[in-house]
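Summary of the model geometry
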Amino acid sequence: MSPSGAAAAAAIFDRRRLTQAREHKGLTKHDLAVKVGVSPAVIGQYEAGATNPSGDVLGRLALALGFSVDFFARGGDKSVSLTDAHFRSLRSTTRAQRRQAITQAIFAAEIAAALEEHIRLPALDLPHYELPPGAHGLAAIEALADQARVDLELGTGPIPHMVRLLESRGVVAVRLRAETERVSAFSCPFRPRPVVVLSTNRDDKARSRMDAAHELAHLLLHHEVDPGSQSMERQANAFAAAFLMPPDAIRPYLPVRLHWQRLVEAKQTWGVSLAALLYRSRTLGVISEAAYRRAIVSLGRHTWEDGTTWRRREPAPLGVPEEPALLHRAAELATTRGFTLEGLAERVRLPLTLVQETIGLEDEAPMVAVQQGPSSLRTVTPPRSELNEEGPCQPAVR
């Protein structure tokens, strides 16, 4: 951008965008100040809105952060605090790691909104449940998990594809790299559609499915409450287990005495880990607390040739984790109407590589956006009858 263009952008500078870009890069204010050649206090003033950078400084900020100058102009509507996102563990992640992760959800939401100007995505269609006051125990959670299966029209059998289930109900799901393995998944209840971020660091399909069910629990149970409490995390864990393994349906698969072959068969049928099956066996009273503890010890004593225990790498892996498809498919449909990833990146003012990573189209060719009227909207609707594991849902196009 020309100096005059940078100066014009500086005049409509959005302080939130600077914070998002800095946190996305995992930089402190001091780190960024060194790169740009100003003091940390000046960066703080920019982010607080006390003053705007000059055109020259804005250009250096953009270069240091890898964003276009246009990104820092007003227009982004997402400003999210740490209390707006559900993280699995607050103790094991730093504030900077959580803030960095949240920027991924913000950008995914903005990309989805831009695609939705031209492609009709599934409407948000999730039931909301309220736990009765004081009824936060297992029985209440089990009842709500059972009701959720009814409301989501899932029956009582294994759920073939958790990520596709989220997407079919209007949730934006993305799988992005996390700087720490501690951030396995999190969710932000944005409107008009929430975002669930799953980490590419989680390469175990069974555990990744549990992550997705855990985040679904937050979206169903914990709306309009402040995230972060250990109580809510325990509720989400219990809900996810009950949702993926309904009591009456899973009982016949759970041996009353430790039997690894039967547990492996249950793992392959239900798409959950051996550890989750053992925990569910204890929760449902199929095995005692003492038997559960012995089983966990046994899981840790079994080792592979490289010394890795079964607890760290279970037998009978289920394959690669489930991949989101909604944004990917929406972008593909958009290209049939003259849109391009380059045009999409320009629309949301994000680096093309970031857009590609978010929607899973890293190798696509650049493009140019074309303005379309409302009547030209095309619909991406993952059919609920096609939530299978063989590949992305074939969306209905109307």
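This one's a predicted model, so the numbers in the text were calculated from it and none came from an experiment.

For the rest of this paragraph, the subject is the side chain of Ser-281. Structurally, Ser-281 can be placed in helix α13 (residues 274-283). Within polar-contact distance, the side chain of Ser-281 engages the backbone oxygen of Leu-277 at 2.8 Å. Contact partners of Ser-281, with chain neighbours within four places excluded, come to Leu-254, Val-286 and Ile-287.

A few words on helix α10 (residues 230-244). The first and last C-alpha atoms of α10 sit 21 Å apart over 15 residues, in line with the 21 Å expected at 1.5 Å per residue. Taken as a whole, α10 has its buried residues at Met-232, Glu-233, Gln-235, Ala-236, Phe-239, Ala-240, Ala-241, Ala-242, Phe-243 and Leu-244.

Taken as a whole, the protein chain shows an average pLDDT of 84; of its residues, 79% reach a score of 70 or greater. Of all secondary-structure elements in the protein chain, the lowest mean pLDDT belongs to strand β6 (residues 378-379), at 54, while helix α11 (residues 247-250) reaches the highest, 98. Confidence over residues 79-83 falls short of pLDDT 50; this stretch has 14 contacts with residues more than four positions distant or in other chains. Counted against residues more than four places away or in other chains, residues 383-398, with its pLDDT under 50, gives 37 contacts.

Bringing the nonpolar core into the picture now. Met-162, Leu-216, Phe-239, Phe-243, Leu-244, Met-245 and Leu-277 are the most contacted members of the largest nonpolar core, which totals 57 residues. Per-element accounting of this core gives the leading share, 8 residues, to helix α9 (residues 205-221). Aside from chain neighbours lying at most four places away, what touches Leu-244 is Arg-149, Ile-159, Met-162, Arg-209, Met-210, Ala-213, Trp-270 and Val-272. Of all hydrophobic cores here, the second largest spans 55 residues; its members include Leu-115, Val-197, Ala-345 and Ile-359.

We now examine the packing of helix α16 (residues 341-348) against helix α17 (residues 352-359). Direction vectors running N to C along α16 and α17 enclose 105°, while the axes themselves pass 9 Å from each other. By the angle class used here, α16 and α17 are roughly perpendicular. Every residue of α17 that contacts α16 at Leu-341, Glu-342, Leu-344, Ala-345 and Val-348 is listed here: Leu-352, Val-355, Gln-356 and Ile-359. Grouping the constituent residues of the contact of α16 with α17 by class yields 7 nonpolar, 1 polar and 1 charged.

So, on to the packing of aromatic side chains. In total, this model carries 10 aromatic pairs according to the counting rule given. Ring geometry for Trp-260 versus Trp-310: centroids 5.5 Å apart, planes at 80°, classification edge-to-face. On the criterion of sequence distance, the pair formed by Trp-260 in helix α12 (residues 260-270) and Trp-310 in the loop between α14 (289-301) and α15 (326-335) is long-range, its members being 50 residues apart. The burial state of Trp-260 is the same as that of Trp-310; both residues are buried. In this structure an aromatic cluster arises from ring pairing among Phe-67, Phe-71, Phe-72 and Phe-107. Stacked on the ring of Phe-243, the Lys or Arg Arg-149 has its end atom at 5.6 Å from the ring centre. The ring centre of Tyr-292 lies 4.4 Å from the NZ or CZ of Arg-282, which sits over that ring.

This paragraph deals with the pattern of salt bridges. Counting across every chain of the model gives 19 salt bridges. With a shortest N-O distance of 2.5 Å, Glu-142 and Arg-280 are connected by a salt bridge. With Glu-142 in helix α7 (residues 138-151) and Arg-280 in helix α13, this residue pair connects regions lying 138 residues apart in the sequence. Where Glu-167 meets Arg-164, a salt bridge forms, and the shortest distance between an N and an O atom there is 3.7 Å. Pair noted here: Glu-167 and Arg-164 are both in helix α8 (residues 162-168), with a separation of 3 residues, about one helical turn. Assigned by exposure class, Glu-167 and Arg-164 land together as buried. Where salt bridges share partners, they join Asp-204, Arg-207, Lys-267 and Glu-314 into one cluster.

Here we come to the packing of helix α2 (residues 15-24) against helix α4 (residues 40-48). Viewed as axis vectors pointing N to C, α2 and α4 meet at an angle of 125°, and their least axial separation amounts to 7 Å. When the axes of α2 and α4 are compared, the pair comes out oblique. Between α2, through Arg-15, Leu-18, Thr-19 and Arg-22, and α4, the contact on the second element is made entirely by Tyr-46, Glu-47 and Ala-48. Class assignment of the residues belonging to the contact of α2 with α4 gives a composition of 3 nonpolar, 1 polar and 3 charged.

What follows is about α7. Between its terminal C-alpha atoms α7 stretches 20 Å, which fits the 20 Å expected from 14 residues at 1.5 Å a residue. Within α7, the full set of buried residues consists of Ala-140, Ile-141, Glu-142, Leu-144, Ala-145, Ala-148 and Arg-149. Phi for Glu-153, located one or two positions after α7, is positive at around 60°.

Across the junction of Arg-191 and Pro-192, the peptide omega takes the value 10°, indicating a cis bond. Phi at Arg-349 takes a positive value of approximately 60°, unusual for a residue other than glycine. Locating Arg-349 in the fold gives a position in the loop between α16 and α17. Looking at Arg-349, the relative accessible area reads 26%, which means it is partly exposed.

The next point concerns the environment of Val-355. Its place among the elements puts Val-355 in helix α17. Along the primary structure Val-355 and Leu-341 are separated by 14 residues, whereas in three dimensions their C-alpha atoms are 7.5 Å apart. Sequence-distant contacts of Val-355, defined by excluding residues within four places in its chain, comprise Ile-111, Leu-344, Ala-345, Val-348 and Leu-350.

Each value, and the rule that gives it
Residues numbered from 1 in each chain as written. Predicted model: local features only at pLDDT ≥ 70, side-chain atom pairs only at ≥ 80, totals over all residues. Heavy atoms only, no water. Helix = DSSP H or I, 4+ residues; strand = E, 2+ residues; numbered from the N terminus. Polar contact = N/O pair within 3.5 Å; in protein donor to acceptor, adjacent residues only side chain to side chain. Contact = heavy atoms within 4.5 Å. Expected span 1.5 Å × (residues − 1). Buried < 20%, exposed > 50% of the residue type's maximum accessible area, 1.4 Å probe, protein only. pLDDT = per-residue confidence, 0-100. Core = buried A, V, L, I, M, F, W, Y, C linked by side-chain atoms within 4.5 Å. Axes fitted to C-alpha atoms, helices over the stretch in contact; angles between N-to-C directions. Parallel < 35°, antiparallel > 145°, perpendicular 65-115°, else oblique. Nonpolar A, V, L, I, M, F, W, Y, C, P; charged D, E, K, R; others polar. Phe/Tyr/Trp six-rings, centres within 6.5 Å; stacked < 30°, edge-to-face > 60°. Lys NZ or Arg CZ within 6 Å of the ring centre and 35° of its normal. Salt bridge = Lys/Arg side-chain N within 4 Å of Asp/Glu carboxyl O.

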